[in-house]
Amino acid sequence: MLPAEALRSLLENADDPLHLERPADFDLQKSARRFAALTGAMEDRFGPACDSGLYQDASIYGEVEISEEITGTGRPLWVQMSNFGGFVTAGTGPWTEPGPTEGMTDQFVEWLDATCVAADCVFVPLDLLLEPYDGPSLLEEAYADEVLSALATDEDGDDGEQTLPVVWVDRYFNLV
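Residues numbered from 1 in each chain as written. Predicted model: local features only at pLDDT ≥ 70, side-chain atom pairs only at ≥ 80, totals over all residues. Heavy atoms only, no water.

Draft legend 1. Highlighting the packing of helix H2 (residues 28-46) against helix H4 (residues 106-118). Between H2 and H4, whose axes approach to 10 Å, the crossing angle comes to 145°. Between H2 and H4 lies a crossing of right-handed hand. Only Phe108, Trp111, Leu112 and Thr115 of H4 make contact with H2, whose side of the interface consists of Leu38, Ala41, Met42, Arg45 and Phe46. Split into classes, the residues belonging to the contact of H2 with H4 amount to 7 nonpolar, 1 polar and 1 charged. (Axes fitted to C-alpha atoms, helices over the stretch in contact; angles between N-to-C directions. Helix = DSSP H or I, 4+ residues; strand = E, 2+ residues; numbered from the N terminus. Left-handed = near helix turned anticlockwise from the far one by under 90°. Contact = heavy atoms within 4.5 Å. Nonpolar A, V, L, I, M, F, W, Y, C, P; charged D, E, K, R; others polar.)

Here it is as structure tokens:
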């Protein structure tokens, strides 16, 4: 796996404030091949019960989901690919909640990284993508506030006043 500083550099270099959903040089055929290779590898490992789908009007290209029964970890697994840089990340729960990669073994992460290399993608660990976003794009924070207000309540059940910080996963793997 690439060192964290190299990954941060790739994330920063791919960021283009004029193109939020996909880069100016977006290659649909290349992305389709990458995602097909990623999905095929996931199906080879976890079986045909993998559920995959594409996104529209977002910086994320597609996602593969594997149910908790198949993963053997007691948690579902998701693997996502961005429209930018062939970035791929994975988790076992919502990234807005604690422990979003709980149950992912080092062996699986190494396998996924090698799979990404073979598919001409770049695996970026979720913990790195959860670092505060400091790029040039103006990202809407409304959906972050919406997510947090659904999660944060006080003793009376009223919405909290907290705001989720914008993180790199917002830039490359979320609606924009």
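Next comes the rest of the description.
Draft legend 2. Looking closely at H2. For H2, spanning 19 residues, the distance from its first C-alpha to its last is 26 Å, which sits close to the expected 27 Å at 1.5 Å a residue. Residues Ser31, Arg34, Phe35, Leu38, Thr39, Ala41, Met42 and Phe46 constitute the buried set of H2. Down the axis of H2, the buried set is contained in an arc of 160°. They therefore lie on one face. Exposed side of H2, more than 90 degrees from the buried face: Gln29, Arg33 and Asp44 are the residues found there. On its buried face, H2 sits against strand S1 (51-54), strand S2 (60-66), helix H3 (68-71), strand S3 (77-82), strand S4 (87-91) and H4. Measuring from the side-chain oxygen of the N-cap residue of H2 to the backbone nitrogen of glutamine 29 gives 3.1 Å; that N-cap residue is aspartate 27. (Expected span 1.5 Å × (residues − 1). Buried < 20%, exposed > 50% of the residue type's maximum accessible area, 1.4 Å probe, protein only. Arc of directions from axis to C-beta. Polar contact = N/O pair within 3.5 Å; in protein donor to acceptor, adjacent residues only side chain to side chain.)

Draft legend 3. Structural context of the sheet that holds S2. What the 5 strands build is an open sheet, ordered S1-S2-S3-S4-S5; its pairing is mixed. Strands at the two margins of the open sheet, each flanked by one partner only, are S1 and strand S5 (122-123). Bridging between S4 and S5 involves 2 bridges; their strand directions are parallel. Residue pairing for S5: phenylalanine 87 is matched across the bridge by valine 122. Those strands touched by H2 are S1, S2, S3 and S4, and its axis lies near 10° from that of S2. (Pairing = 2+ DSSP bridges.)

Worth remembering: the numbers are spatial, not functional.
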